[in-house]
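Working through the structure, step by step
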Amino acid sequence: MSKKAKIICIYLAIGVLFALYGWLFGDNSYKTFAYNLGTGIVWPIMLFPGLGKILGAGILALFVGLVLMS
């Protein structure tokens, strides 16, 4: 198993653990496991809200750039 595959497996394992915790004990425990799994996959954004704003701004800038180029 390559180093890249190990890193991806660790990231996904942390995401699943984050989803299980959110589903069983978190603020969104009333929502389905699928919802919590979706938030678990992007767990760094949930833990660091500033990162989500930076990612959102980057995606918005990319979208505007693509629209202007077409």
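Thresholds applied
Residues numbered from 1 in each chain as written. Predicted model: local features only at pLDDT ≥ 70, side-chain atom pairs only at ≥ 80, totals over all residues. Heavy atoms only, no water. Helix = DSSP H or I, 4+ residues; strand = E, 2+ residues; numbered from the N terminus. Buried < 20%, exposed > 50% of the residue type's maximum accessible area, 1.4 Å probe, protein only. Contact = heavy atoms within 4.5 Å. Areas by Shrake-Rupley, 256 points an atom, 1.4 Å probe, with all protein chains shown as cover. Axes fitted to C-alpha atoms, helices over the stretch in contact; angles between N-to-C directions. Parallel < 35°, antiparallel > 145°, perpendicular 65-115°, else oblique. Left-handed = near helix turned anticlockwise from the far one by under 90°. Nonpolar A, V, L, I, M, F, W, Y, C, P; charged D, E, K, R; others polar.

**Points about the overall build of the protein chain**
Check the secondary structure of the protein chain and you find four helices and zero strands. Overall, the protein chain shows an N-to-C arrangement of helices and strands of α-α-α-α. Dimensions of the protein chain, computed from the C-alpha atoms along their principal axes, are close to 45 × 35 × 20 Å. Split into buried and exposed, the 70 residues of the protein chain put 13% on the buried side. Considering only residue pairs separated by 6 or more positions, the protein chain has 31% of its internal contacts joining residues 24 or more positions apart. For the protein chain, the exposed surface amounts to about 5600 Å²; the carbon and sulfur share of it is 78%.

**So, the packing of helix α1 (residues 3-24) against helix α2 (residues 33-41)**
Where α1 contacts α2, the two axes come as close as 8 Å, and the packing angle between them is 140°. In terms of axis orientation, α1 runs oblique to α2. Helix-helix and strand crossings are classified by hand; for α1 and α2 the assignment is right-handed. In this structure, α1 uses Tyr 11, Leu 12, Gly 15, Val 16, Phe 18, Ala 19, Leu 20, Gly 22 and Trp 23 to contact α2, whose residues at the interface are Phe 33, Asn 36, Leu 37, Thr 39, Gly 40 and Ile 41. When grouped by side-chain class, the residues that make up the contact of α1 with α2 number 10 nonpolar, five polar and no charged.

Fair warning: the whole summary comes from geometry, so function is off the table for now.
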